Amino acid sequence: MKKSESSKEARTEAKRAKYYDILADTDPRELALVAGIIDGAVFCEVEMEDLRRLPFIVTKPGDPSKQKVTPAARQYQKTQAMHANNIRILLNVLRKVESDATNELLKRLEEFTL
């Protein structure tokens, strides 16, 4: 295994752990349903980190006023859109957990009101 592959795997595992830590209060059944979304978000983050190291614009050697977008820039844009969709889904799951916890807290508070 190459050094870059092990580094990529380490970054992936660290990011995956971060997501699972954020979603720790989520029902395990719901967490199992969004596991693929978590993996997709992690993949997108790692890919965007790698793509950021590449040039996004190249200039024509004879005419520096002419610029061209590179394939890396287009791929970054597509990956960023996928990542935004994954995060949107995960935020909805997280809000549902917070909403459920808030509702439970309100129910318990109503029991103590006189």
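Predicted model, so just to flag it, every value in this text is computed and none were measured.

Asks: In this structure, what is going on with the overall build of the protein chain? I would like to understand it.
Replies: In terms of regular secondary structure, the protein chain is built from 4 helices and 2 strands. In sequence order, the secondary structure elements of the protein chain are arranged as α-α-α-β-β-α. Looking at the protein chain residue by residue over its 114 residues, the buried ones come to 25%. Look at the contacts in the protein chain between residues 6 or more apart in sequence, and 62% of them connect residues 24 or more apart. Taken as a whole, the protein chain presents about 8500 Å² of accessible surface, with 58% of it coming from carbon and sulfur.

Asks: In this structure, what is going on with the environment of threonine 79? I would like to understand it.
Replies: Tracing the sequence through the fold places threonine 79 in helix H4 (residues 71-112). The residues contacting threonine 79, other than those within four sequence positions of it, are Cys44, Glu47, Met48 and Leu51.

Asks: I would appreciate a short explanation of the nonpolar core in the present structure.
Replies: What tends to happen in soluble globular proteins is that the nonpolar side chains get buried as a cluster. One finds Tyr19, Leu23, Leu31, Val34, Ile38, Ala41, Val42, Val46, Leu90, Val93 and Leu94 forming the largest nonpolar core, which totals 11 residues. Elements supplying a minimum of two residues to this core: helix H3 (35-51) and H4. Once you skip the residues sitting within four places of it in the chain, alanine 41 turns out to touch Tyr19, His83, Asn86, Ile87 and Leu90.

Asks: What's the story with the packing of aromatic side chains in this structure? I'm lost.
Replies: Any two aromatic rings considered together are summarised by their centre-to-centre distance and by the angle between their planes. Following the criterion strictly, the structure yields 1 aromatic pair and no others. Each ring, one from phenylalanine 56 and one from tyrosine 76, has its centre 5.3 Å from the other, and the planes form 45°; the classification is tilted. Of this pair, phenylalanine 56 sits in the loop between H3 and strand S1 (57-59) while tyrosine 76 sits in helix H4, placing them 20 residues apart in sequence. The side chain of lysine 18 reaches across the aromatic face of tyrosine 19, ending 5.3 Å from its centre.

Asks: How do you make sense of the environment of glutamine 67 when you look at a structure like this?
Replies: Within the secondary structure, glutamine 67 sits in strand S2 (residues 67-69). Of the residues examined, glutamine 67 reaches a relative accessible area of 56% and is grouped as exposed. A C-alpha to C-alpha distance of 6.4 Å links glutamine 67 and isoleucine 57, two positions 10 residues apart in sequence. Leave out the neighbours within four places in its chain, and glutamine 67 touches Ile57, Val58 and Thr59.

Asks: Would you mind going over the pattern of salt bridges with me for this structure?
Replies: Should the charged atoms of two oppositely charged side chains come close, the side chains can pair. All chains considered together, the criterion is met by 11 salt bridges. With its nearest N and O atoms 3.0 Å apart, the salt bridge here joins glutamate 47 to lysine 8. Of this pair, glutamate 47 sits in helix H3 while lysine 8 sits in helix H1 (residues 3-22), placing them 39 residues apart in sequence. A salt bridge links glutamate 49 to lysine 15; its shortest N-O distance comes to 2.8 Å. Of this pair, glutamate 49 sits in helix H3 while lysine 15 sits in helix H1, and the two are 34 residues apart along the sequence.

Definitions and cut-offs
- Residues numbered from 1 in each chain as written.
- Predicted model: local features only at pLDDT ≥ 70, side-chain atom pairs only at ≥ 80, totals over all residues.
- Heavy atoms only, no water.
- Helix = DSSP H or I, 4+ residues; strand = E, 2+ residues; numbered from the N terminus.
- Buried < 20%, exposed > 50% of the residue type's maximum accessible area, 1.4 Å probe, protein only.
- Contact = heavy atoms within 4.5 Å.
- Areas by Shrake-Rupley, 256 points an atom, 1.4 Å probe, with all protein chains shown as cover.
- Core = buried A, V, L, I, M, F, W, Y, C linked by side-chain atoms within 4.5 Å.
- Phe/Tyr/Trp six-rings, centres within 6.5 Å; stacked < 30°, edge-to-face > 60°.
- Lys NZ or Arg CZ within 6 Å of the ring centre and 35° of its normal.
- Salt bridge = Lys/Arg side-chain N within 4 Å of Asp/Glu carboxyl O.

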